[in-house]
Amino acid sequence: MQQKVKSPFLFSLTAVLAFSGFTGTGLAESNQSAQLSEVHVDFDSSSTEKITVIVELEESSILAAEHAGDSQSQEGLAQIRSEVIQAAEEAAGVSANQEYDYVFSGFSAEVAQNNIPELLKVPGIKAVYPDETYEVNTFDNEAELIDEESFSPAMMDSAPFIGADEAWESGYTGEGVTVAVIDTGVDYTHPDLEHAFGDYKGFDFVDNNEDPQETPPGDDRGASTNHGTHVAGTVAANGEIKGVAPDADLLAYRVLGPGGSGTTENVIAGIERAVEDGADVMNLSLGNATNDPDFATSLALDTAMEDGVVAVSSNGNSGPANWTVGSPGTSRDAISVGATQLPYDAYSAEISTPGGFDYPSAEVMGFPEVDDLLALNEEEYEFVDVGLAQEDDFEGKDLEGQIALIERGEIAFVDKAANAAAAGAEGAVLYNNEDGSMPEIPGMPVPTIMTTQEDGQKLLEELEAENNTISFDIEFDREIGETVADFSSRGPAMDTWMIKPDVSAPGVGIVSTIPTHDPDDPHDYASMQGTSMSAPHVAGAAALILEANPDWNVDFVKSALMNTAETLYDADGNLYPHNTQGAGSIRVLDAINADVLAVPGSHSFGIFDKDNGREVQRQKFTVHNLSDERKRYSIDFTGHDGIKVQTSNNLQVQPGSTQELNFGVQVDASSVDPGYYEGTFLLNDGDSTIEVPTILFVQDPDFPLLTSLSLGLEDGSLVGTINLPGGADHFNLRIRDAATGELLEEPAEAENLDSGLHSFTWDMTIDGEPLTPGGYQINAYASLGDQEYELSGPVLNIPEE
């Protein structure tokens, strides 16, 4: 099994927390077995350690069979599954756990790693997947509580921003529509949520009961949770704040347990139960780092959509690089959602110290209120080095009225600022611990200026020289419109090459409901950010659309959101790529009132690999005229000059009719460089324009060799996972001196790796000796053919004894 970290000292860059050791032998033997049944599991064939896997049967699920026009009874499938399980027990010693039949056909099971080759030979098994760890998709922060004095319903402004209030005024509030929240559970006793729950609340797959409450404090398995309640409030709160669909009904499915962590076997079970319980919409604000449309959870969501349940998934928080979308956001059919930040005022920042250094990288990271930020201009402050700004870093230090100098790492940005605020600091300067930039974090507990690692070292030199004062020059810069959050994961999806996300929605500084787990004051409100927060905006919007248009199918709901989305531009006025924003930011009332729909709402033309000359691929989309008027559209295509689209110049669709638009895409490889190219179909009827995003690749896609490095400590070793989107000829870690960049060690070597997620272990020695105190940069290296890539990871700090 890919084991969870037992002592979770984590500096993870992604949401993946599942680990195991591997050997070249194990990988090679698993590859040989793939001809019998598909294997997606990284395992060590010499190990007797048991892992949990997800087994997919060749026999179709009930819904898949129904959609294919075949007959499949629950009893008949149960008999077939029982026979396969029995055969697997005899051949490989498996022990079955969850069983699936409705949206996914198979079961989860424990099996010794050295028995997996035998499992793959069992007749009736189609594929074996890992039981991956899923995490909530919040970005780098705990819930920031909104104190009673400063709370206002107006703070919940993200729902009105997307037009939910206009939908309410039009009579659409989500009434009669049921939304399933597949998450950490929901505090259904919260006064803003209790209206949405009936006697049956849903199901808890973590503790196997019908009480899907959040994890309380004191659970030996991990920390208490509040994430699902925040998500539920964004969908359907109706009290002090209003969610997007305030009169929708809710069902809660607890698939993520203590600490907001869960695994594939419970996520699939939650999807199945939600469909069987009659949900109209389901929201999954969770994910992992596996960019794979054929991953088990993604396949389950595809089947749910095919059955008429609108499935909404967060796209992930591993941006801003391309290819960072993770399952289940990679689903072909479900609506994958990126995160945006609402319009805001931007401020410039300059800092100065007595030594005369320049700090050109200084930028505003975040602040609680504008007045707090500008107040830093009013005087010169002493500043104090508080290291990583963990609670014990403030012991014996007087920060009252001073500025905290903080290094990035170990804990969330907002936790660092909160600790500085608790120590009395007026503000903070937070410097990077590696090359690259840091994100803006709205609502930081104290005004916080961020700098590069280089400028941070200058500030430390000033302190060593006893130049311990700092002053600020902060000014209003400009108004910024709605922008995509840097953390929001980007597409495209591997293998299908589909544009992901499909749409975007607000996901930064979102105020919603939470439990406090305090019996004397059990309910509160908090601000969080992440694609976890953007997805429930879309789930709530889907509920409003279904109330207004109860006869619409899932394709209509998805296309309505995409066809009417607002195109987004970055802070400098540049149009975001499709793989960053999808079709754009949703606008609910426009989607409700859409009377012409282009289905699907985006297109991938795949790979054009002809070395010379022209290559043509043909596709189509369907235009549905839902109005009582004839529609006549002119059709244009914008894109690269070397890419030609062959189609009719106009399209006429009769009232209540459907018309297919056939087109051919021609690429002249001799005039187009290898890479990926975006384009847009424009359908204009004289009054409005429908935009349909497209993407295609010339030659091999440009995915990086390495993505999603995740690390942790377990039993004195460094353990981790790495995603290899296209496989690798060679892989190893590169351990460098964090100060000088000198290469010290290249452990965890492996050869001839398939595409997908792989795990590794390093015993934390260099030349056979334990690490000495200091900083160690943990990087990952891979090569494939003539390509080489080194992915920069976090710094591991070994303290003095």
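Numbering of residues starts from 1 in each chain and follows the order in which that chain's sequence is written. For a predicted model such as this one, the threshold for reporting local features is a pLDDT of at least 70, and the threshold for listing and counting side-chain atom pairs is 80 or more; totals across whole chains, interfaces and linings nevertheless cover every residue. The basis for every side-chain value is the complete set of non-hydrogen atoms in the structure, without hydrogens or water.

Numbering goes from the N terminus for both helices and strands, where a helix is a DSSP run of H or I of at least four residues and a strand is a run of E of at least two. For the chain, the helix and strand inventory stands at 16 helices and 48 strands. In terms of overall dimensions, the chain has a C-alpha envelope of 80 × 65 × 65 Å along the principal axes. Relative accessible area decides the class of each residue, using a 1.4 Å probe on protein chains only: under 20% of the type maximum gives buried, over 50% gives exposed, and in between gives partly exposed. Buried residues in the chain amount to 58% of all 801 residues. Residue contacts are defined here by distance: any two heavy atoms, one from each residue, within 4.5 Å place the two residues in contact. Look at the contacts in the chain between residues 6 or more apart in sequence, and 74% of them connect residues 24 or more apart. For the accessible areas, the method is Shrake-Rupley and the probe is 1.4 Å, while residue cover comes only from the protein chains on display. Carbon and sulfur atoms form 41% of the exposed surface of the chain, whose accessible area is close to 30,600 Å². By the counting rule applied here, Lys and Arg register as positive and Asp and Glu as negative, while His and the ends of each chain are not counted. Charge positions are represented by NZ for Lys, CZ for Arg, CG for Asp and CD for Glu. Considering the chain, the positive charge centre built from 31 side chains and the negative charge centre built from 143 side chains are found 10 Å apart.

The subject of this paragraph is helix α11 (residues 413-422). Buried residues of α11: Phe413, Val414, Lys416, Ala417, Asn419 and Ala420, and no others. Looking one or two residues past α11, Gly424 carries a phi angle of roughly 95 degrees, positive in sign.

Throughout this description, the term salt bridge denotes a Lys or Arg side-chain nitrogen within 4 Å of a carboxyl oxygen of Asp or Glu. Scanning the entire structure with this criterion turns up 22 salt bridges. The shortest N-O distance in the salt bridge between Arg81 and Glu99 comes to 2.8 Å. Here Glu99 lies in strand β5 (residues 95-100) and Arg81 lies in helix α3 (residues 74-92), a separation of 18 residues in the sequence. Overall, Arg81 belongs to the buried group, its relative accessible area being 6%. Of the charged contacts in the structure, one is a salt bridge between Lys558 and Asp502, with a shortest N-O distance of 3.9 Å.

Most of helix α9 (residues 296-306) is tucked away: 9 of the 11 residues are buried. Among the residues making up α9, those that are buried are Ala296, Thr297, Ser298, Ala300, Leu301, Asp302, Thr303, Ala304 and Met305. Downstream of α9 by one or two residues, Gly308 has phi in the positive range, about 100 degrees.

Further remarks concern the packing of helix α8 (residues 264-276) against α9. Fitted lines through C-alpha atoms serve as axes, helices being fitted only where they are in contact, and the angles separating the N-to-C directions of these axes extend from 0 to 180 degrees. Packing of α8 against α9 brings their axes to within 10 Å, and their N-to-C directions diverge by 5 degrees. With respect to α9, the element α8 is oriented roughly parallel. Touching Thr264, Val267, Ile268, Ile271 and Val275 of α8 are Ala296, Thr297, Ala300, Leu301 and Ala304, all from α9. Working rule for angles: under 35 degrees goes down as roughly parallel, over 145 as roughly antiparallel, 65 to 115 as roughly perpendicular, anything else as oblique.

Another aspect to go through is the environment of Ile125. Here Ile125 lies in strand β7 (residues 125-130). The spacing of Ile125 and Gly257 is 132 residues in sequence and 29 Å in space, taken between C-alpha atoms.

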